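Each chain is listed here by its residues.
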There are 2 protein chains.
Amino acid sequence: MDQRVLQATAVLRRHGYKLTKPRRLLLEWFYRRGEHASAQEVFDSLCRQGQEIGLTSVYRNLEVLVKVGLVRQICFHDGCHRYEPVAPGEHHHHLICSDCGQIIKFHGCTFDRELAERLEQETGFMVNCHQLQVFGTCKFCQQESATKRRTV
Amino acid sequence: MDQRVLQATAVLRRHGYKLTKPRRLLLEWFYRRGEHASAQEVFDSLCRQGQEIGLTSVYRNLEVLVKVGLVRQICFHDGCHRYEPVAPGEHHHHLICSDCGQIIKFHGCTFDRELAERLEQETGFMVNCHQLQVFGTCKFCQQESATKRRTV
DNA sequence: ATTCTAACTGAAAATGAGTTTCAGTTAGAC
DNA sequence: GTCTAACTGAAACTCATTTTCAGTTAGAAT
Ligand SMILES: [Mn+2]
Ligand SMILES: [Mn+2]
Ligand SMILES: [Zn+2]
Ligand SMILES: [Zn+2]
């Protein structure tokens, strides 16, 4: 079994979860396939691979994987939640086109320990993680709307 | 009519929208009531006030207000979209308790023009706005889980 | 290895946020 | 005032996600 899947299994165990077939399939899928997938997309992809898994289990176990910190849930305002594997030591955020929904990831986050500590002191919260979404218009959609303006 | 509603009306007109009763009710509601409300909550609150408006119109016009930039849509991962009025010159983000869902707003964002410009150059996007969510555990939920651990 | 059972699975039904439809109404241009 | 494209709201619909429940399984205990 893949090294990452093995480590993830240990994390599940530590939280009192068994390693079941659906969980293994999800972990393998994320570690070889991808980012920003919806529950339905993961399900469809696994079905196409000929794997046996129920859509209910996909939803249920995505929730488990998010809870133990192996997967991150993100909202891109496109009608469903999307998921991506958490890679230790890696940190990125997303640039989203408000017109077409295209998603680009980027590095170089400006959220720092200083701000986190200030928030903890001022609010009593214990800060755990953060998500940043930058919205804009992609190159293609900019041209698109420029063309339309000229034509009208 | 309230000054802010009047200004907002001008924005709507500029974008080719009429000022209808539902739109006026929504604007008035946001400018005197609040932040982080779901469509259903705005609807319920207006009904309790004895106002006549359909839930369909609430959804439809929240979309319009977001499109013209008078209202912001945010996802707090609690099952529905939430909305808050955009106040020019004001800029804040949110600290969310992963346990109980409590939302605290904070100022002092570290997203800067420099990062925005770097993204624009590297991706060709035109950056418009951004949202930052910081997740953690609130004071109450920290105690809660400490107590539970001791009791078990 | 066999037994045991709490955790787990998946099909089907239910839920609920949000959207679409459509017949009637209205803002506001002329 | 007249006219009509934009708008409204009730009802029907969509579809992501959750719940239910009868049957299965991981893995702890013996
Ligand atoms: Mn990503
Ligand atoms: Mn806010
Ligand atoms: Zn960051
Ligand atoms: Zn900011």
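Please refer to the structure higher up on the page.
Everything quoted here is computed from the prediction, not taken from an experiment.

Novice: How should the side chain of A:His94 be read in this particular structure?
Specialist: All names here are of chain A. Within the element layout of this structure, His 94 appears in strand β3 (residues 93–97). The class for His 94 is buried, based on a relative accessible area of 3%. Reaching out from His 94, the side chain makes a polar contact with the side chain of His 36 at a distance of 2.9 Å. Only 3.2 Å separates the side chain of His 94 from the side chain of His 92, close enough to count as a polar contact. Excluding its chain neighbours within four sequence positions, the residues that come into contact with His 94 are His 36, Ile 74, Phe 76, Glu 84, Ile 103, Ile 104, Lys 105, Phe 106, Leu 132, Gln 133 and Val 134.

Novice: I keep staring at the protein's contact with DNA strand D and nothing clicks. Help me out?
Specialist: Neighbouring residues of DNA strand D: 21 residues in total, closest A:Tyr59, B:Thr20, B:Arg23, B:Ser57 and B:Arg60. Backbone sugar and phosphate groups make up 63% of those atoms of DNA strand D lying within 4 Å of the protein. The side chain of A:Tyr59 places a nitrogen or oxygen atom 2.9 Å from a phosphate oxygen of DNA strand D. Within the side chain of B:Arg60, one N or O atom sits 2.4 Å away from a base nitrogen of DNA strand D. Breaking the surface near DNA strand D down by element, the ones donating at least two residues are α4 (55–67) of chain A together with α2 (21–32) and α4 (55–67) of chain B. Tallying contributions element by element places α4(B) first for the surface near DNA strand D, with four residues. For the surface near DNA strand D, the class distribution of residues is six nonpolar, eight polar and seven charged.

Rules of the game
Residues numbered from 1 in each chain as written. Chains lettered and ligands numbered in written order. Predicted model: local features only at pLDDT ≥ 70, side-chain atom pairs only at ≥ 80, totals over all residues. Heavy atoms only, no water. Helix = DSSP H or I, 4+ residues; strand = E, 2+ residues; numbered from the N terminus. Buried < 20%, exposed > 50% of the residue type's maximum accessible area, 1.4 Å probe, protein only. Polar contact = N/O pair within 3.5 Å; in protein donor to acceptor, adjacent residues only side chain to side chain. Contact = heavy atoms within 4.5 Å. Near = heavy atom within 4 Å. Nonpolar A, V, L, I, M, F, W, Y, C, P; charged D, E, K, R; others polar.

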